[in-house]
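Examination of the molecular architecture
Residues per chain, in single letters:
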Amino acid sequence: MALERTFCIIKPDAVEKKKAGAILAFLEEAGFSILAAKRTHLTRAVAEGFYAVHSARPFFGELVEFMTRSPVFVVALEREDAVAHYRKVMGATDPAKAEANTIRKLYGGSVGENAVHGSDSLDNAKIEIAYFFPGNEVAPVAG
Ligand code: YYY
Ligand code: MG
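Residues numbered from 1 in each chain as written. Chains lettered and ligands numbered in written order. Predicted model: local features only at pLDDT ≥ 70, side-chain atom pairs only at ≥ 80, totals over all residues. Heavy atoms only, no water.

To keep things clear, this is the line we draw: UniProt positions are given in the numbering used here, feature names are shortened, and annotations may be inferred rather than shown by experiment.
As recorded by an unreviewed UniProt entry, the protein carries the name Nucleoside diphosphate kinase and is attributed to Labilithrix luteola. Looking at the Cofactor (unreviewed entry) heading of the UniProt record, one finds this comment for the protein: "Mg(2+)".

**Side note on the UniProt feature "binding site: ATP" (unreviewed entry) in the protein**
The condition that has to hold: The distinction between a cavity and a pocket rests on a 1 Å grid over the protein atoms alone: a 1.4 Å probe fits inside a cavity but cannot get out, while a pocket stays open yet meets protein on both sides within 12 Å along at least five of seven lines, and a residue with an atom within 4 Å of a point counts as lining. Numbering of helices and strands runs from the N terminus, with a helix taken as a DSSP run of H or I at least four residues long and a strand as a DSSP run of E at least two residues long. Exposed residues in this analysis have more than 50% of their type's maximum accessible area, buried residues have under 20%, and partly exposed residues fall in between, with area computed by a 1.4 Å probe over protein chains only.
The positions that UniProt labels "binding site: ATP" (unreviewed entry) are, in the present scheme, Lys11, Phe59, Arg87, Thr93, Arg104 and Asn114. Checking the annotated residues one by one, the ones that line the largest pocket turn out to be Lys11, Phe59, Arg87, Thr93, Arg104 and Asn114. Among the structural elements, Arg104 can be located in helix H6 (residues 103–107). What makes Arg104 buried here is its relative accessible area of 5%.

**As for the sheet that holds strand E4 (residues 116–118)**
Worth spelling out the cut-off: Pairing between strands is defined by DSSP: at least two bridges between them are needed. To obtain an axis, a line is fitted to C-alpha atoms, over the contacting stretch when the element is a helix, and the angle between two such axes runs from 0 to 180 degrees between their N-to-C directions. We call two residues contacting when some pair of their heavy atoms lies within 4.5 Å.
An order of E2-E3-E1-E4 is seen for the four strands of this open sheet, with the pairing classed as antiparallel. Every interior strand has two partners, whereas the edge strands, strand E2 (33–40) and E4, have only one. Direction aside, the axes of adjacent strands within the sheet are offset by 20° on average. Across three bridges, the pairing between strand E1 (residues 3–10) and E4 is antiparallel. Pairing of Ile9 across the sheet is with His117, part of E4. The sheet contacts of helix H5 (residues 82–90) involve E1, strand E3 (72–80) and E4, and relative to E1 the element is tilted by about 35°.

Below, the structure written as structure tokens:
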């Protein structure tokens, strides 16, 4: 297993419920290092760009409305096997189907408002971290 990075968004529903700190603490307990975190209010253009892969899906409009509703935290994470491990601790897309003690089971409300985003591959993690942390905000991977 290699030291990897992955990307998290603490979504508007969780920030509105003041669970951002609890989610960051959960991630640290799960062995992730928080490389960078910032609060931002996504514009429609930024949300549409981030979720461009879903633009043809029937839920796209609602997804963009939700993600732009109020501020989020964008977070770069590092851990051994980070992408797969974060998908595991994040839980299933639908919080009702997520395993116990996953972030979405603990903090998600519905399939649309499910507390957090997580990258689905190492390639997408790199793209997503660069989308929100351009320049040298997150130090390049050594070596
Ligand atoms: O990666 P993950 O977030 O678990 O699910 P995706 O299939 O990539 O969908 C992205 C995002 O879209 C999901 O977190 C909520 C929303 N969504 C939805 O509102 N309704 C669906 N049926 C599927 C996804
Ligand atoms: Mg996804």
